[in-house]
Amino acid sequence: MTVAGFLGAPCDHKDKVVRGISFFLPLCLLPCLAIPGRSAEAEAVAISQNIRARHFPFGTILDPIFVSPASDQISSYTRCGDSALWTGGFLAAEAFRYNVTHSGEALQNVKDALAGLTALVDVTGDNRLARCLVPADSPYAASIQSQEASNTIHQNPPWIWVDNTSRDEVVGAFFGLGAAFDLVDDPSVKQGISDLTTLLIGFIAHHQWSPNDDISNTFQLRPEELQMLLQVARHVNPSNKVSGPFLVLPVDTAVSFDVGNNSSYFKFNLDYMTFYNLIRIQDNPANRGAYLIVRDYTATHQNAFFDIIDRAISGPEQTRDAEMQTLLDQWLKRPRRDQKVDDSKAVPMCGTEACQPVPVPIRPPTDFLWQRDPFQLSGGGDGFVENAGIDYILPYWMGRYYGVIAGSPVESAAAPSSAIAPGSLASLYGTNLASGVALANSQPLPLQLGGVTLTVVDSAGTSRQASLQYVSGSQINFLVPDGTAPGSARFIVADGSASQTVDGTIAAVVPTLFSLSANGSGLAAASAVAQQVSNPQLQSAVPVFQCTASGCVAVPIKLGVDTITYLTLYGTGIRNRTAVSNVAVTIAGVSAPVLYAGPTPNFSGLDQVNVPIPLTLRGTGTASVILKIDGQVSNVVTIDIQ
């Protein structure tokens, strides 16, 4: 899509009446809503949702123990000792997801993971990072305390928390904090990261450069990690004056020992997390040289996470990038529970290890596959513990961010999505889709445009021809036929005698909101109207944005004392909601009552949601707007409130 239709054009309005309130559709929005601009996402989203449902019991990452390998009943939780590390990994994964999709669900996951890390610091009372925390009255508390008996257990009612924090936990937390600070444009997230990181580096700096005041666990023995902590702390809070110790070892000292063998293979995973932020923030020959020591040793280990970190640091490389995608596809074939594995008869052996990296689908289970020695032949448990899946979603969303993994070829026309809904506006991407460019200039939309037709074959095998809005060689915007059955679907594009087919997914509702940037993020494509409380017939349009040749900017919405300001959000994939009561809108985190959520009259596929802006938001400034329908969360757009 493009905002070209806004440029230099006056903004007229077309009235429509909903529940007795006259709303105004700015005609200058229509070009924005109609013209195009822009591995397995559904699996990645499902893994994140499962993490929230099963692996986030107390606000940080833990892995559930089930009563049996075949049961979904949770008997306890485990891996509390690495909860801080993997909460940092989850924070990073959802930050990359949010940056790519502007998903409201991803933003909430970012905020909740950040809150979890903050709780791990608050519970200690002195700004050190706890390994994990558990409510003292939890039915799982006794089991977790028993598992973590080798670490010090502290009581801080109503919590218990696990001490003896290692450098690993801090590295994982800083990995997520540093990445999320640059990826997430939410002011509260940035401030929260700045505050938390400042507390953490302050504790470490004043306690022997150790995460737990233990000189044997000091970061001075890991100069690359120490430099990363300092650089991230200064990056997220430029006023932070903490400086390193007087004597610091050369940055490549520790990693030169790491590559001596594969024992404690997780050290390489920590190295990659460390160098990701260190080189992003402080790119110099010494840091790159230290990184290359690790990369040269591990480059052949068939590790998707290491590959995507190398993509971030070293740039595109066709063979490595293709390997990364293949490894993630193979990950999806792995069992999710910790079943016992013995590959000694499945692969060639060289001594006690495999001669080559073991194929990903049959590698022994672990909490994060990419920290497992790829030559290890056996391991696992009895199938009682479920692995979280951060080892999939983290490299997947990084792959999307760095352009290694393409998004779905069929998605909402309003914002990136993993599915599309019947009756919604959608976009199909590809090559050689049409011999020219054509745009429909009338309603209803035609079934053929520029010599192109599009047929949708749904999961029931029914074929329907889609109405077309725009066609070009690389993109088709179309109206998903009403009645298309949910599930997998095929989209057959025909241009004269040539045709091609792509796959996509249909869901009942896929709420997505249009934005003026045409990519589903930033300033909302919205309109507003003010209504006098004393005389409801007195209504006037309220500007939400202003566009010039240089682009569009927000116009602060002034909330009056004697007026109600109604906001209209434009989107698609909304009309099939079960009931208005199952539609929720939050503005700057505050719920706004939904008056209407359904089709916009006279515009094919276009939907709208009408809400009054709560007066409590007066003076908010930039406010995030999120729509949730039947449990499905939209992308995040913004408005400005004076």
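The preceding data block contains the structure.
No experiment lies behind these values; they were computed from the predicted model shown.

Parameters at a glance
Residues numbered from 1 in each chain as written. Predicted model: local features only at pLDDT ≥ 70, side-chain atom pairs only at ≥ 80, totals over all residues. Heavy atoms only, no water. Salt bridge = Lys/Arg side-chain N within 4 Å of Asp/Glu carboxyl O. Helix = DSSP H or I, 4+ residues; strand = E, 2+ residues; numbered from the N terminus. Buried < 20%, exposed > 50% of the residue type's maximum accessible area, 1.4 Å probe, protein only. Axes fitted to C-alpha atoms, helices over the stretch in contact; angles between N-to-C directions. Parallel < 35°, antiparallel > 145°, perpendicular 65-115°, else oblique. Left-handed = near helix turned anticlockwise from the far one by under 90°. Contact = heavy atoms within 4.5 Å. Nonpolar A, V, L, I, M, F, W, Y, C, P; charged D, E, K, R; others polar. Pairing = 2+ DSSP bridges. Phe/Tyr/Trp six-rings, centres within 6.5 Å; stacked < 30°, edge-to-face > 60°. Core = buried A, V, L, I, M, F, W, Y, C linked by side-chain atoms within 4.5 Å.

### Describing the pattern of salt bridges
- Going through the model one piece at a time under the given rule, you end up with 25 salt bridges.
- Put simply, R400 and E41 hold a salt bridge, and the shortest N to O gap is 2.8 Å. Separated by 359 residues along the polypeptide, R400 in helix α14 (residues 390-401) and E41 in helix α2 (residues 41-54) bring together distant segments of the chain. Judged on exposure class, the residue R400 and its partner E41 are both buried.
- Between D310 and R320 there is a salt bridge, with its nearest N and O atoms 2.8 Å apart. Of the two residues, D310 is situated in helix α12 (residues 304-314) and R320 in helix α13 (residues 318-331); the sequence distance between them amounts to 10 residues.
- When its relative accessible area of 7% is taken as the criterion, D310 is described as buried.

### So, the packing of helix α3 (residues 83-101) against helix α4 (residues 104-122)
- Look at α3 against α4: their axes get within 8 Å of each other, and the N-to-C directions meet at 155 degrees. Comparing their axes, α4 and α3 come out roughly antiparallel. By crossing handedness, the relation of α3 to α4 is classed as left-handed. Contacts between α3 and α4 pair A84, T87, G88, F90, L91, E94, A95, R97 and Y98 from the former with E105, A106, L107, N109, V110, A113, L114, L117 and L120 from the latter.
- Split into classes, the residues belonging to the contact of α3 with α4 amount to 12 nonpolar, 3 polar and 3 charged.

### Examining the pairing of strand β6 (residues 153-156)
- Of the pairings in the sheet, the one linking β6 to strand β7 (residues 159-162) comprises 4 bridges and is antiparallel in character. Its bridge partner being in β7, H154 is matched across the sheet by W161.
- Between β6 and the antiparallel strand that follows it, β7, lie 2 residues.

### With respect to the packing of aromatic side chains
- The full count for this structure, using the stated rule, is 21 aromatic pairs.
- Look at F96 and Y401: their rings are 5.3 Å apart centre to centre, the planes differ by 70 degrees, and that puts the pair in the edge-to-face class. Linking F96 in helix α3 with Y401 in helix α14, this pair joins segments that are 305 residues apart in sequence.
- Residue Y401 is classed as partly exposed on the basis of its relative accessible area, which comes to 35%.
- A ring pair is formed by Y272 and F306, whose centres lie 4.0 Å apart and whose planes are at 10 degrees; its orientation type is stacked. Taken together, the residues span a long stretch of sequence, with Y272 in helix α10 (residues 266-281) and F306 in helix α12 at a distance of 34 residues. Taken individually, Y272 and F306 each receive the classification buried, so the pair is uniform in this respect.
- By way of ring pairs, the aromatic residues W86, F96, F175, Y276, F305, F368, Y401 and Y402 are connected into one cluster.

### So, the nonpolar core
- Counting residues in hydrophobic clusters, the biggest one holds 101 residues, and the most contacted among them are F305 and W370.
- Setting aside chain neighbours within four positions, we find F305 in contact with F175, N269, M273, F368, W370, L394, P395 and M398.
- Counting residues in hydrophobic clusters, the runner-up holds 67 residues, among them L445, V480, A623 and I639.

### Digging into the sheet that holds strand β15 (residues 452-457)
- Strands sit in the order β16-β15-β19-β20 across an open sheet of 4 strands; the sheet is antiparallel. Edge strands, defined here as strands with exactly one partner in the open sheet, are β16 (463-465) and β20 (498-506). With direction set aside, neighbouring strand axes in the sheet form an average angle of 25 degrees.
- Two strands pair when backbone bridges link them, and β15 and strand β19 (residues 487-495) are joined in this way by 6 bridges, in the antiparallel orientation. The partner of V452 across the bridge, within β19, is D495.

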